[in-house]
Protein chains: 2
Amino acid sequence: MKSKGLIQIYTGNGKGKTTAAVGLAIRARGHGLRVCYIYFHKDPEKWGYSEHAILKKVGVDVFGFARKHPCCDKKTNIEQIHRDCLKGLDYIKEMYRQKQYDLLILDEINISLRDGFLKTEEVVSLLKARPVGLEVVLTGRGAPRKLIKLADLVSRIQKIKHPYDKGVKRKEGIEF
Amino acid sequence: MKSKGLIQIYTGNGKGKTTAAVGLAIRARGHGLRVCYIYFHKDPEKWGYSEHAILKKVGVDVFGFARKHPCCDKKTNIEQIHRDCLKGLDYIKEMYRQKQYDLLILDEINISLRDGFLKTEEVVSLLKARPVGLEVVLTGRGAPRKLIKLADLVSRIQKIKHPYDKGVKRKEGIEF
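Residues numbered from 1 in each chain as written. Chains lettered and ligands numbered in written order. Predicted model: local features only at pLDDT ≥ 70, side-chain atom pairs only at ≥ 80, totals over all residues.

Moving on, we get to the overall build of chain A. When its secondary structure is counted, chain A shows seven helices and six strands. Listing each helix as α and each strand as β along chain A from the N terminus yields β-α-β-α-α-β-α-β-α-α-β-α-β. A compact globule built from 176 residues would reach a C-alpha radius of gyration of about 16 Å, and chain A, at 16 Å, matches this within 12%. Judged by the C-alpha coordinates and their principal axes, chain A covers about 55 × 35 × 30 Å. Each of the 176 residues in chain A was classed as buried or not, and the buried ones make up 46%. (Helix = DSSP H or I, 4+ residues; strand = E, 2+ residues; numbered from the N terminus. Rg over C-alpha atoms; globule rule 2.2 N^0.38 Å. Buried ≥ 20, exposed ≤ 12 C-beta atoms within 10 Å, placed from the backbone.)

Another aspect to go through is the relation of the copies chain B and chain A. For the match of chain B to chain A, the screw axis carries a shift of 0.0 Å, the RMSD comes to 0.0 Å, and the turn is 180 degrees. Put plainly, the chains are arranged around a two-fold axis. Of every C-alpha in chain B, the one belonging to B:Ala20 sits nearest the axis of rotation, 1.9 Å from it. Take the interface residues of chain B: 100% of them recur as interface residues in chain A, which is what a same-surface contact looks like. (Least-squares fit on C-alpha atoms with pLDDT ≥ 70 in both. Contact = placed C-beta atoms within 7 Å.)

Our next topic: the pairing of strand β4 (residues 103–107) of chain A. Residue and element names in this part refer to chain A. A large share of β4 lies buried, amounting to five of its five residues. The alternating pattern of β4 places Leu103, Ile105 and Asp107 on one face and Leu104 and Leu106 on the opposite face, and all of these are buried. As judged from the five bridges shared by strand β2 (residues 35–40) and β4, these two strands associate in the parallel manner. Across the sheet, the residue bridging to Ile38 is Leu106, located in β4. In this structure, β4 lies alongside strand β5 (residues 135–139), joined through four bridges in parallel fashion. Its bridge partner being in β5, Leu104 is matched across the sheet by Val136. (Pairing = 2+ DSSP bridges.)

Formed by 98 residues in total, the largest nonpolar core has its most connected members in A:Ala25, A:Tyr37, A:Leu103, B:Ala25 and B:Tyr37. Once residues lying within four places of it in the same chain are set aside, the contact partners of B:Tyr37 are B:Ala25, B:Leu55, B:Val60, B:Asp61, B:Val62, B:Ile105 and B:Asp107. (Core = buried A, V, L, I, M, F, W, Y, C linked by C-beta atoms within 7 Å.)

A few words on the interface of chain B and chain A. Opposite the 43 residues of chain B that make contact, chain A presents 43 residues. When residues of the side of chain B that touches chain A are traced back to their parent elements, those giving at least two are α1 (17–30), α3 (51–57) and β6 (153–161) of chain B. Ranked by the residues each element gives to the side of chain B that touches chain A, the list is headed by α1(B), at 12 residues. Grouping the amino acids of the side of chain B that touches chain A by side-chain chemistry returns 20 nonpolar, 12 polar and 11 charged. (Nonpolar A, V, L, I, M, F, W, Y, C, P; charged D, E, K, R; others polar.)

Residue and element names in this part refer to chain A. For helix α1 (residues 17–30), with 14 residues, the first-to-last C-alpha span of 20 Å sits near the 20 Å given by 1.5 Å per residue. For α1, the buried fraction is high: 14 of the 14 residues fall into the buried class. Directly after α1, the chain includes Gly32, whose backbone phi takes a positive value near 75 degrees. (Expected span 1.5 Å × (residues − 1).)

Residue and element names in this part refer to chain A. With respect to the helices and strands, Thr11 occurs in strand β1 (residues 7–11). What makes Thr11 buried here is the crowd of 23 C-beta atoms within 10 Å. Put simply, Thr11 and Val168 are 157 residues apart on the chain and 23 Å apart in space, counted from C-alpha to C-alpha.

What follows is about the environment of A:Leu113. Residues and elements named next belong to chain A. Tracing the chain through its elements places Leu113 in helix α5 (residues 109–114). Taking C-alpha positions, Leu113 is 7.4 Å from Pro144, a pair spaced 31 residues apart along the chain. What Leu113 contacts, discounting residues up to four positions off in sequence, is Leu118, Thr120, Val123 and Pro144.

This paragraph deals with helix α4 (residues 78–98) of chain B. For an α-helix, the turn length of 3.6 residues means that residues three or four places apart are oriented alike. All names here are of chain B. Over its 21 residues, α4 runs 30 Å from end to end, which matches the ideal 30 Å to within 8%, given 1.5 Å per residue. Residues of α4 that are buried include every one of Ile81, Asp84, Cys85, Gly88 and Ile92, and no others. Around the axis of α4, the buried residues are gathered within 100 degrees of arc, so they sit on the same side. Turned more than 90 degrees from where α4 packs its buried face, Glu79, Gln80, Arg83, Lys87, Asp90, Glu94, Arg97 and Gln98 sit exposed. Looking at the buried positions of α4, the neighbouring elements they touch are β2 (35–40), β3 (61–65), α5 (109–114) and α6 (120–128). (Arc of directions from axis to C-beta.)

Our focus in this paragraph is the packing of α1(A) against α1(B). One can describe the packing of α1(A) onto α1(B) by two numbers: an axis separation of 6 Å at closest approach and a directional angle of 85 degrees. In this view, α1(A) runs roughly perpendicular relative to α1(B), as classed from their interaxial angle. Contact residues: α1(A) offers A:Thr18, A:Thr19, A:Ala20, A:Ala21, A:Val22, A:Gly23, A:Leu24, A:Ile26 and A:Arg27, while α1(B) offers B:Thr18, B:Thr19, B:Ala20, B:Ala21, B:Val22, B:Gly23, B:Leu24, B:Ile26 and B:Arg27. Considering only residue class, the contact of α1(A) with α1(B) consists of 10 nonpolar, six polar and two charged. (Axes fitted to C-alpha atoms, helices over the stretch in contact; angles between N-to-C directions. Parallel < 35°, antiparallel > 145°, perpendicular 65-115°, else oblique.)

What follows deals with the environment of B:Leu86. Its location among the elements puts B:Leu86 in helix α4. Considering only alpha carbons, one finds B:Leu86 and B:Thr139, 53 residues apart in sequence, at a separation of 17 Å.

The following block contains the structure:
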């Protein structure tokens with residue numbers, strides 16, 4: 001009998017949250033597990049996010065919701081972001097019913113919560129409704145306390161040093 | 001003109017160090033960068049480490065040195081581990097001369113330092129001798145202070161919760 005999949009959270013102000021989730025996706029694919037990778041508040045048209053192409057290449061299903069964020073797009077309508085996030089949750093609920101995955105990654109969903117685009121209860125109920133055997137990974141700064149309480153594994157990635165602090169610019173292929 | 005590549009360290013007692021490095025390798029490959037992934041103190045014959053297969057599949061060169069560690073193999077000769085680690089460093093120095101990479105990952109090399117298989121000075125001089133444009137990522141618990149001082153980016157991954165603490169066993173495809 002399959003056991004309940006774990007909930008993992010990668011949060012904190014240091015570099016390594018999204019890359020850890022990407023690494024988990026790769027490890028899972030190495031074992032032939034079925035992986036779905038959903039990102040929030042990232043705009044591949046703007047930044048590229050070249051990891052998505054490789055994830056798709058190795059058989060990970062990749063989807064994006066609520067790609068804009070007010071910090072990068074001043075013209076963004078906050079109500080629209082909220083609706084787009086909810087579309088993401090609806091998609092996941094449909095996926096629960098229709099398609100079987102072993103690992104679901106929700107990249108930057110903590111940001112949706114931190115910035116009020118989603119309510120903690122909405123994500124908590126989504127997690128609780130997950131099918132047996134589905135492991136879920138959530139990334140992003142500012143994971144709320146209720147989510148941390150619910151999770152089985154929580155890693156806080158703390159910035160000890162970051163080159164941005166010295167004015168070093170984002171580097172293609174390393175930062176995005 | 002190419003600038004000096006950064007040195008990144010992922011350390012701490014939380015889950016996410018190796019997976020972050022794997023994610024960085026994937027992102028870099030997505031940009032067509034040339035990546036070399038070298039792991040220490042991991043025995044794929046024993047644990048599998050399925051991420052290595054996918055890394056190779058997407059064009060990352062993967063090598064392992066000093067695959068045994070006394071904590072897992074009681075019969076291991078510590079002197080042998082020390083020599084095997086040095087072989088790894090020699091290999092990298094040769095690689096500096098012969099083959100061009102954009103990103104070099106040294107997975108768990110901090111463990112070699114923490115457990116006295118390598119001296120900090122040996123790794124520091126290896127890092128300082130890196131060719132222009134080569135970014136180096138080091139992972140593993142217990143990164144020594146001198147290495148942190150040298151690095152440009154340091155993330156400490158702190159365990160807030162881990163299912164091992166509750167007696168949950170290592171899961172294939174998720175933990176290794």
